[in-house]
Amino acid sequence: MEAENALAGSPDWRISRRGPARAIEGFADRVSVRPGERLGLRVSTTSAYYTVRAYRMGWYGGARARLVWRSAALPGVLQPPALLDPDTRTARAKWCETARIDTSGWPEGSYLLRLDTQDGQAQRFMPVTVRSASAAGRTVIMNSVATWQAYNRWGGADLYRGVTGRRGSRSLQVTFDRPYENRQGAGQFLPYEAPLIALAERMGLPLAYTTGVDVARRPDFLMGAAAMVSLGHDEYWSPEQRRHVTRARDTGTNLAVLGANCCYRRIRFEASAVGPDRNVVCYKDDYAKDPGFQRGSPPTHDFRRTPGSDPESSLLGVLYDGYPVDAPFVVSHPEHWLLAGTGAGAGDSFPHLVGVEFDRVNAAHPTPRPVEILAHSPVVCKGRPSYADTAYLSLPGGAGVFAAGTMRWVEALDAGAPGGGKASHGLDARAGHFTRTVTANVLRAFAKGPAGRARPAEDNLAVHYGT
């Protein structure tokens, strides 16, 4: 990645002209491709012509992106509005293909395709991953595309709310067959993933790129990887994805969880008319009504719930504990090697770094040991006192696991960062320095191989919880 990031960046990659609603928007027919594969685009626009620019996201001297490819002017077409399935309340764009592009020469990585109307009045993003063929010896960046889709309200419905705005009208499955409504079409990529990619590529680490869909499809992809990184909001996992990550972790692949609420919801991928694994099924409380469950598939509800209870803590060492919170992050173990260079002392705090969801170590649920708590932050969530924990644990197979315990960790990487980055939630430059330093320590150590073997955790759970 060093040679790639030494190339000149494209500071003008950001969207500067949103334009009217529905002026231009689109989606790709695949969440990921291998370099050289063709990618179908389904674009709707009110403009007579539009162009597509493919930006690879990285560091690039602070520019954060490089223009890899651009199209000629393409004829525009205004496509039909969303269709809402009466049974699952799935919002879908039943659109025709408007372009087919060749990705030959595109380096592996996370991309934003930018759609521009020819009149210059409107722009939108479409995310796509150019995935790696092999993860051996590399740190894997796993784009959390199922979670992006779970929170996508294009067409009026996602897995939380439907057209009435109430929970009872929410979708029971969502689909990649539609644009992303949020973040100008980029889904959740920009706040929860792009800052970590910039840092990792700036460090020059050997990286591999994939998505949660691809990890579920490819049982052996993670085997031999030095580490896998789960990014800021990575809530929705299929059983296959979890099984393949667990197997890799148990054979020595380190796991860095740089968010909270990870691997919380159990989902199922199903095919759509566009292609395989395009629908994300999650019935939640209504799991018994799921035709897949009735046919014998696992329930599509929270992993910790019965039937099929398997709390995420058995994989991660931490457990999702609540929403919403906004609290200081409090350092409790400053001498730990992962905090080297931060300058933090015991009891030092970083305002707003804990939020908006948080995790904790909870030995009442399956928890690998030994586990070291590095930060133990008091929170009050809906009147209930608790703690957000940042933890490091080591596994018998040699892997190390780092869990940040807060959803704002990746966002904080941009607090006070060079290159024009700006974090939200009131996070300041101190929080930016702290999270960047710890993350760099994690990535550097994890890239060397099984960190738990080289640096086993020293259990301190009793210090904080008396157990």
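Since we're looking at a predicted model, the values are computed, not measured.

Draft legend 1. Spatial organisation of the overall build of the protein. Each helix and strand counted, the protein has 12 helices and 25 strands in total. Taken along its principal axes, the extent of the C-alpha atoms in the protein is 65 × 55 × 40 Å. Counting the 467 residues in the protein, one finds 61% classified as buried. For the protein, contacts bridging at least 24 residues in sequence account for 74% of all contacts bridging at least 6. Looking at the protein as shown, the accessible area adds up to about 16,800 Å², and 52% of this sits on carbon and sulfur atoms. If you average the places of the 56 positive and of the 45 negative side-chain charges in the protein, the two averages end up 3 Å apart.

Draft legend 2. Local environment of the sheet that holds strand β19 (residues 268–270). Taken in spatial order, the 3 strands make up an open sheet running β13-β20-β19, and their pairing is antiparallel. The open sheet terminates on both sides in strands that have one partner only, identified here as β13 (173–175) and β19. For this sheet, the mean inter-axis angle between neighbouring strands, taken without regard to orientation, is 25°. Looking at chain direction, β19 and strand β20 (residues 279–281) are connected through 3 bridges and run antiparallel. In the sheet register, Arg268 faces β20, and the bridge partner there is Val281.

Draft legend 3. Quick peek at the nonpolar core. In terms of nonpolar packing, the biggest core is built from 74 residues, with Leu196, Phe329, Phe402, Phe434 and Phe446 touching the most fellow members. The greatest single-element share of this core, amounting to 7 residues, is contributed by helix α10 (residues 429–446). Discounting residues that sit within four places of it in the chain, Leu196 has contacts with Ile141, Val229, Leu231, Leu258, Val410, Leu413, Thr439 and Leu443. One finds Ala248, Leu255, Ile373 and Ala391 within the second-largest nonpolar core, a separate group that totals 29 residues.

Draft legend 4. Up close: the state of the cysteines. Within the structure shown, the criterion is met by 0 disulfides. Distance from the sulfur of Cys282, which forms no disulfide, to the nearest cysteine sulfur (Cys263) is 12 Å.

Draft legend 5. Structural context of unusual backbone geometry. Residue Tyr323 is joined to Pro324 through a cis peptide bond whose omega torsion reads -5°. With respect to the element layout, Pro324 can be found in strand β21 (residues 319–330). Across the junction of Arg369 and Pro370, the peptide omega takes the value 5°, indicating a cis bond. Positionally, Pro370 belongs in the loop between β22 (349–360) and β23 (371–381). A positive phi angle, near 55°, is found at Cys263, a position not held by glycine. Along the polypeptide, Cys263 turns up in the loop between β17 (254–257) and β18 (265–266). The backbone of His425 sits at a positive phi, close to 65°, despite the residue not being glycine. Within the element layout of this structure, His425 appears in the loop between α9 (409–412) and α10. For His425, a relative accessible area of 34% puts it in the partly exposed group.

Draft legend 6. View of empty space enclosed by the protein. Within the structure shown, the criterion is met by 3 cavities of 30 Å³ or more. The volume enclosed by the largest cavity comes to roughly 130 Å³. When contributions to the lining of the largest cavity are tallied by element, the ones reaching two or more residues are β1 (24–28), β11 (123–130) and α2 (145–150). Sort the elements by how many residues they give to the lining of the largest cavity and β11 lands first, with 4 residues. Residues belonging to the lining of the largest cavity are distributed by class as follows: 10 nonpolar, 3 polar and 3 charged.

Draft legend 7. Seen up close, the sheet that holds strand β15 (residues 227–230). As summarised here, the arrangement of the 7 strands in space is β14-β12-β15-β17-β25-β24-β23, forming an open sheet in which the pairing is mixed. The strands lining the two open edges of the sheet, one partner per strand, are β14 (207–211) and β23. Taking each pair of neighbouring strands and ignoring which way they run, the sheet shows an average axis angle of 20°. As defined by bridge partners, strand β12 (residues 139–143) adjoins β15 across 4 bridges and the pair is classed as parallel.

Draft legend 8. Fine view of helix α6 (residues 239–250). With 12 residues, α6 extends 16 Å between its outermost C-alpha atoms, agreeing within 8% with the 16 Å of an ideal straight helix rising 1.5 Å per residue. In the stretch just after α6, Gly252 is the one whose phi turns positive, near 115°.

Draft legend 9. Spotlight on the packing of aromatic side chains. Enumeration according to the criterion identifies 19 aromatic pairs in this entry. Arranged with centres 5.9 Å apart and planes meeting at 55°, the rings of Phe329 and Trp409 form a pair that is tilted. Of the two residues, Phe329 is situated in strand β21 and Trp409 in helix α9; the sequence distance between them amounts to 80 residues. Residue class for Trp409 comes out buried when judged on its relative accessible area of 0%. Ring-pair connections join several aromatic residues into one group, and the members of that group are Phe329, Phe350, Phe402, Trp409 and Phe434.

Draft legend 10. Broad picture of the pattern of salt bridges. This structure, assessed with the given rule, holds 31 salt bridges. Among the salt bridges present, the one from Glu312 reaches Arg304, with a minimum N-O distance of 2.6 Å. Classification of Glu312 by relative accessible area gives buried; the value is 1%. When salt bridges that share partners are traced, they join Arg131, Asp214, Arg217 and Asp277 into one network.

About the thresholds
Residues numbered from 1 in each chain as written. Predicted model: local features only at pLDDT ≥ 70, side-chain atom pairs only at ≥ 80, totals over all residues. Heavy atoms only, no water. Helix = DSSP H or I, 4+ residues; strand = E, 2+ residues; numbered from the N terminus. Buried < 20%, exposed > 50% of the residue type's maximum accessible area, 1.4 Å probe, protein only. Contact = heavy atoms within 4.5 Å. Areas by Shrake-Rupley, 256 points an atom, 1.4 Å probe, with all protein chains shown as cover. Lys, Arg positive; Asp, Glu negative; His and termini not counted. Charge placed at Lys NZ, Arg CZ, Asp CG, Glu CD. Pairing = 2+ DSSP bridges. Axes fitted to C-alpha atoms, helices over the stretch in contact; angles between N-to-C directions. Core = buried A, V, L, I, M, F, W, Y, C linked by side-chain atoms within 4.5 Å. Disulfide = S-S within 2.5 Å. 1 Å grid on protein atoms, 1.4 Å probe; cavity = no way out; pocket = protein on both sides within 12 Å on 5 of 7 lines; lining within 4 Å. Points joined across faces, edges and corners; volume = space filled by probe spheres on them. Nonpolar A, V, L, I, M, F, W, Y, C, P; charged D, E, K, R; others polar. Expected span 1.5 Å × (residues − 1). Phe/Tyr/Trp six-rings, centres within 6.5 Å; stacked < 30°, edge-to-face > 60°. Salt bridge = Lys/Arg side-chain N within 4 Å of Asp/Glu carboxyl O.

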